[in-house]
Amino acid sequence: MSYDTDVPPHLSAQRADPPAPVDAPKPNTAMLKGDIDSGRSGDKVEVFDPGMAMLGTCEEAGGNALSPKDIARARFAEIKERWRLSPRKPGYAHGHADPTLALYVGFIGVAGVGLSAAIWLMRAAA
């Protein structure tokens, strides 16, 4: 097997498939992580994201494991409620163009033209 580089490819850059639907019975923390990794929550690119500890590990170690009801509420909040009141849709990474950069560059361009015109007019008047 030959590679273009000395470093063999890793499998963590594979697209993550979405887990079971949000209204699945008995949701678990792996489903919540699957929602986030698959891009369903709208704030991340659809790629597997290895973590040091799985979601819910700290709660479980502390003796307060998340109930399926808590996890279902978190999945609903991540997927449906997060963008409901926001005027903006999920970010640039999800194929939606963000007009902020274009507006900023346009403003700088217009300001530069205006400043150049003002300088030219002041020199012409003098």
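These numbers come from a predicted model, not from an experiment.

As for the overall build of the protein chain
For the protein chain, the count of helices and strands is four helices and zero strands. Taken from N to C terminus, the helices and strands of the protein chain fall in the order α-α-α-α. Classification of the 126 residues of the protein chain by burial places 17% in the buried group. Counting contacts in the protein chain only where the partners sit at least 6 residues apart, residues at least 24 apart contribute 57% of the total.

So, the pattern of salt bridges
Summed over the entire model, instances satisfying the criterion amount to three salt bridges. Among the salt bridges present, the one from lysine 33 reaches aspartate 37, with a minimum N-O distance of 3.1 Å. A residue pair is termed a helical-turn pair when its members lie 3 or 4 positions apart in one helix, as lysine 33 and aspartate 37 do in helix H1 (residues 29-37) at four residues. Across the pair, aspartate 37 and lysine 33 agree in class, each one buried. The salt bridge partner of arginine 73 is aspartate 70, with a shortest N-O separation of 3.5 Å.

As for a nonpolar patch on the surface
On the surface, a nonpolar cluster with roughly 570 Å² of combined accessible area is contributed by Leu101, Tyr104, Val105, Phe107 and Ile108. Within the secondary structure, leucine 101 sits in helix H4 (residues 99-125).

A closer look at the environment of proline 19
Its place among the elements puts proline 19 in the segment before H1. A relative accessible area of 23% means that proline 19 is categorised as partly exposed. Through-space distance from the C-alpha of proline 19 to that of aspartate 35 is 6.4 Å; in sequence the pair is 16 residues apart. If near-sequence neighbours (up to four positions away) are discounted, proline 19 is found in contact with Met31, Gly34, Asp35, Ser38, Arg40 and Arg75.

With respect to unusual backbone geometry
Positive phi outside glycine occurs at lysine 26, with the angle close to 50°. Locating lysine 26 in the fold gives a position in the segment before H1.

Brief notes about the packing of H1 against helix H3 (residues 68-81)
Viewed as axis vectors pointing N to C, H1 and H3 meet at an angle of 5°, and their least axial separation amounts to 9 Å. In terms of orientation, H1 lies roughly parallel with respect to H3. The segment H1 lies against H3, with Thr29, Met31, Leu32, Asp35 and Ile36 engaging Ile71, Ala74, Arg75, Glu78 and Ile79. Each residue belonging to the contact of H1 with H3 can be placed in one class, and the counts come to six nonpolar, one polar and three charged.

Describing H1
Among the residues of H1, those classed as buried are Met31, Leu32, Lys33, Gly34, Asp35 and Asp37. The elements touched by buried residues of H1 are H3. Regarding H1, its N-cap is asparagine 28, as a side-chain oxygen of that residue lies 3.1 Å from the backbone nitrogen of alanine 30 further along.

What counts and what doesn't
- Residues numbered from 1 in each chain as written.
- Predicted model: local features only at pLDDT ≥ 70, side-chain atom pairs only at ≥ 80, totals over all residues.
- Heavy atoms only, no water.
- Helix = DSSP H or I, 4+ residues; strand = E, 2+ residues; numbered from the N terminus.
- Buried < 20%, exposed > 50% of the residue type's maximum accessible area, 1.4 Å probe, protein only.
- Contact = heavy atoms within 4.5 Å.
- Salt bridge = Lys/Arg side-chain N within 4 Å of Asp/Glu carboxyl O.
- Patch = residues over 30% accessible without salt bridge, like charges linked within 9 Å, V, L, I, M, F, W, Y side chains within 5 Å.
- Areas by Shrake-Rupley, 256 points an atom, 1.4 Å probe, with all protein chains shown as cover.
- Axes fitted to C-alpha atoms, helices over the stretch in contact; angles between N-to-C directions.
- Parallel < 35°, antiparallel > 145°, perpendicular 65-115°, else oblique.
- Nonpolar A, V, L, I, M, F, W, Y, C, P; charged D, E, K, R; others polar.
- Polar contact = N/O pair within 3.5 Å; in protein donor to acceptor, adjacent residues only side chain to side chain.

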